[in-house]
Amino acid sequence: MEGSRSLDQWRADLGMSIAYGEFGENLVINDLDNKIVAVGDRLVIGEVVLEVTAPRMPCATFAAKMNDPQFVKRYRKAERPGFFCRVIKAGEVKAGMSATLKPYTGKRITMPDMMRDYGRTIAGERLADYLATPIHEKLRASLTTGKVKF
């Protein structure tokens, strides 16, 4: 999932056109800034409810597609990742439907926070904060060693 503000910023940064779906996103939310999205936030689109679980991380394949071997580093440094969601309530989503962001009411860990923590070992209060949120199961499993991986 991606916010249109982040895609607009990438278009400006790269000086090129970026079609919807080119970053691998399957849903773009108008006027959403990825930098403010936190794990546990919910997006309500009609009767559909999605819950944010982890940021999307680019890989070497994506860097090759962008024709930039440093693109993964550039993407992480920009701190405006797309994100994965779990489906809380299923339904139909169509182009043009409005989406409402409902912020998580617990400790907020934003997508940029998670990008900065990626690959690091966390402990204490920071680890407890992660475990108290509805993070992706793969990330939750990685935290048994304290290492942030998604």
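Residues numbered from 1 in each chain as written. Predicted model: local features only at pLDDT ≥ 70, side-chain atom pairs only at ≥ 80, totals over all residues. Heavy atoms only, no water.

As for the pattern of salt bridges
Consideration 1: Within this structure, the stated rule accounts for 12 salt bridges.
Consideration 2: Linking R108 and D41 is a salt bridge whose minimum nitrogen-to-oxygen distance equals 2.6 Å. With R108 in the loop between strand 6 (99-102) and helix 4 (111-117) and D41 in the loop between strand 2 (28-29) and strand 3 (42-45), the pair connects residues that are 67 residues apart, well separated along the chain.
Consideration 3: Across the salt bridge formed by R126 and D117, the nearest N and O atoms sit 2.8 Å from each other.
Consideration 4: Accessibility expressed as a relative area gives 25% for R126, which makes it partly exposed. (Salt bridge = Lys/Arg side-chain N within 4 Å of Asp/Glu carboxyl O. Helix = DSSP H or I, 4+ residues; strand = E, 2+ residues; numbered from the N terminus. Buried < 20%, exposed > 50% of the residue type's maximum accessible area, 1.4 Å probe, protein only.)

Focus on the side chain of S4
Consideration 1: Looking at the element boundaries, S4 is found in helix 1 (residues 4-14).
Consideration 2: For S4, a relative accessible area of 7% translates into the label buried.
Consideration 3: With residues near it in sequence (within four places) discarded, S4 still touches V28, I29, N30, D31 and L32. (Contact = heavy atoms within 4.5 Å.)

Some details on the packing of helix 1 against helix 3 (residues 71-78)
Consideration 1: It is at 13 Å that the axes of helix 1 and helix 3 come closest, and there the two elements cross at 130°. Our classification of the angle between helix 1 and helix 3 gives oblique. Note that helix 1 runs across helix 3; the crossing there is right-handed. Across the interface between the two elements, W10, D13 and L14 of helix 1 pack against F71, R74, Y75 and A78 of helix 3.
Consideration 2: Taken together, the residues of the contact of helix 1 with helix 3 break down into 5 nonpolar, no polar and 2 charged. (Axes fitted to C-alpha atoms, helices over the stretch in contact; angles between N-to-C directions. Parallel < 35°, antiparallel > 145°, perpendicular 65-115°, else oblique. Left-handed = near helix turned anticlockwise from the far one by under 90°. Nonpolar A, V, L, I, M, F, W, Y, C, P; charged D, E, K, R; others polar.)

Quick look at the nonpolar core
Consideration 1: Grouped together as the largest cluster of nonpolar side chains are 23 residues, with contacts concentrated most on F83, M114, Y130, L139 and L143.
Consideration 2: Listed by contribution, the elements that provide at least two residues to this core are strand 3, strand 4 (48-55), helix 4 and helix 5 (124-131).
Consideration 3: In contact with L143, not counting residues within four places along its chain, are I122, L127, Y130, L131, I135 and V148.
Consideration 4: If you look at the next biggest cluster of nonpolar residues, it comprises 11 residues, including F62, F71, Y75 and M115. (Core = buried A, V, L, I, M, F, W, Y, C linked by side-chain atoms within 4.5 Å.)

Structural notes on the packing of aromatic side chains
Consideration 1: Tallied over the entire structure, the rule returns 9 aromatic pairs.
Consideration 2: Through a chain of ring-to-ring contacts, the aromatic side chains of W10, F23, F62, F71 and Y75 assemble into a single cluster.
Consideration 3: The side chain of R11 reaches across the aromatic face of Y20, ending 5.5 Å from its centre. (Phe/Tyr/Trp six-rings, centres within 6.5 Å; stacked < 30°, edge-to-face > 60°. Lys NZ or Arg CZ within 6 Å of the ring centre and 35° of its normal.)

Some thoughts on the layout of surface pockets
Consideration 1: Estimated volume of the largest pocket: approximately 290 Å³.
Consideration 2: In this structure, the largest pocket is lined by 13 residues; those nearest its centre are V28, I29, N30, G96 and M97.
Consideration 3: Tallied by class, residues from the lining of the largest pocket come to 9 nonpolar, 3 polar and 1 charged.
Consideration 4: Lining the second largest pocket we find M1, G24, E25, N26, L27, L50, R56, F83, F84, C85, R86 and V87.
Consideration 5: No other element matches the 5 residues that strand 5 (residues 83-89) contributes to the lining of the second largest pocket.
Consideration 6: The residue makeup of the lining of the second largest pocket, split by class, is 7 nonpolar, 2 polar and 3 charged. (1 Å grid on protein atoms, 1.4 Å probe; cavity = no way out; pocket = protein on both sides within 12 Å on 5 of 7 lines; lining within 4 Å. Points joined across faces, edges and corners; volume = space filled by probe spheres on them.)

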